[in-house]
Amino acid sequence: MGFRCGIVGLPNVGKSTLFNALTATAAAAASNYPFCTIEPNVGRVPVPDPRLDRLAAIARSALIVPTQIDIVDIAGLVRGASRGEGLGNQFLGQIREVDAILHVLRCFVDTEITHVAGRIDPIADAEVVETELMLADLDSLERRAERAAKRARGGDKEAKAEIDLAERTSSELRAGRPARRLLAEGVSTAALRSLKLLSTKPVLYVCNVAEAEAATGNAWTRAAEERAAQMGASALVISAAIEAEVAAIGEREERLAFLHSLGSTEPGLDRVIHAGYRLLDLVTFFTTGPKQARAWTVRAGATASEAAGVIHTDFERGFIRAETITYQDFIACGGEVGAREAGRMRLEGRDYVVQDGDVFYFRFNV
């Protein structure tokens, strides 16, 4: 089961610098001109989770395998992308393939890095990108409504509900509000996802600031945070330049010392990754043993049998039960044996809803 976050934004806002730092590679060209990234770059990044290290230490696991998220560096959008400007159709297609959006906003001044619009205004930048996504959605909804109308005339009862939702969503988009805002008005997530719209995807504004403002932010980042609240999105402040420096430091101890010198204890990239994880509404469960301790990812609300299927389809098909220990109990009892002896291991059936931090031992028969 793969989960993908797409990095989007106007040209020269720091997307590729952020991607390079996230993936600790120089795979994406960070050149000072628009469209330097034509094909999407994809990096698979581990989700930092100190719980996994503690579980591995107790289980004496030979290998530690963190859960991961794919990060896609998508080339910069420009005004008119919904009409095909600036390779817009290709870029919009790439956005359509991701599960969540990391929207990088330029909140710094640098005369050596040109801005496509010739000025620094992150709110205007956000509006350009979001407008293009919403225009593309309106076009998609119009075609969907036409198809649903034909089905409705043929007696399809579900078509009427689809038409109503399409009309309601179109009204929201014409008012300049993304489709995801309908979630706060009682529209089900499943119904909204069925429309396959760009503006339903969860969004994190990544406010890219100068190194000196990484800890405090600035007026632009505060304006971006206000807009995020209005648009049903989230926001965080980061200096892509600092993160690139941190990523270039090989030893963990040296990275921590460098961060400490800047008054920080956690890499900004960890915050971006964790935020992306939350955007996708994911939870982590663990499996442990002498061979390996591993973190796995499922969407919130997944059942024990679905979690087993993430490991192997045979586990789901032949699911018998899930021997379950909470992370806290695993640590407090010193591992599986201690938890079992203390009565802290539970037997859960296939419909049990996975909780973040569960440690599973799946029993199955194929």
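Here the structure is a predicted model, which means the values were calculated and not measured.

**Q** What should I look at first to understand the overall build of the protein in this one?
**A** In terms of regular secondary structure, the protein is built from 14 helices and twelve strands. The C-alpha radius of gyration computed for the protein amounts to 23 Å, which stays within 12% of the reference 21 Å derived for 366 residues, consistent with globular compactness. Each principal axis of the C-alpha distribution contributes one length, and for the protein these read about 65 × 65 × 35 Å. Across the 366 residues in the protein, those meeting the buried criterion constitute 49%. Accessible area for the protein stands at about 17,500 Å²; split by element, carbon and sulfur atoms hold 50% of it. Taking the 43 positively charged and 49 negatively charged side chains of the protein as two groups, their mean positions are separated by 6 Å.

**Q** Would you take a moment to explain the layout of surface pockets for this structure?
**A** Here the idea is plain: a probe the size of a water molecule rolls over the atoms and shows the empty space left. Counted as a void, the largest pocket has a volume near 850 Å³. Lining the largest pocket are 29 residues, and of these P48, R252, R255, P267 and D270 sit closest to its centre. Elements with a contribution of two residues or more to the lining of the largest pocket: α1 (15–23), β2 (41–46), α2 (50–59), α8 (240–247), α9 (252–261) and α10 (268–279). The residue inventory of the lining of the largest pocket, partitioned by class, reads 18 nonpolar, three polar and eight charged. One number sums up the size of the second largest pocket: a volume of about 530 Å³.

Conventions and cut-offs
- Residues numbered from 1 in each chain as written.
- Predicted model: local features only at pLDDT ≥ 70, side-chain atom pairs only at ≥ 80, totals over all residues.
- Heavy atoms only, no water.
- Helix = DSSP H or I, 4+ residues; strand = E, 2+ residues; numbered from the N terminus.
- Rg over C-alpha atoms; globule rule 2.2 N^0.38 Å.
- Buried < 20%, exposed > 50% of the residue type's maximum accessible area, 1.4 Å probe, protein only.
- Areas by Shrake-Rupley, 256 points an atom, 1.4 Å probe, with all protein chains shown as cover.
- Lys, Arg positive; Asp, Glu negative; His and termini not counted.
- Charge placed at Lys NZ, Arg CZ, Asp CG, Glu CD.
- 1 Å grid on protein atoms, 1.4 Å probe; cavity = no way out; pocket = protein on both sides within 12 Å on 5 of 7 lines; lining within 4 Å.
- Points joined across faces, edges and corners; volume = space filled by probe spheres on them.
- Nonpolar A, V, L, I, M, F, W, Y, C, P; charged D, E, K, R; others polar.

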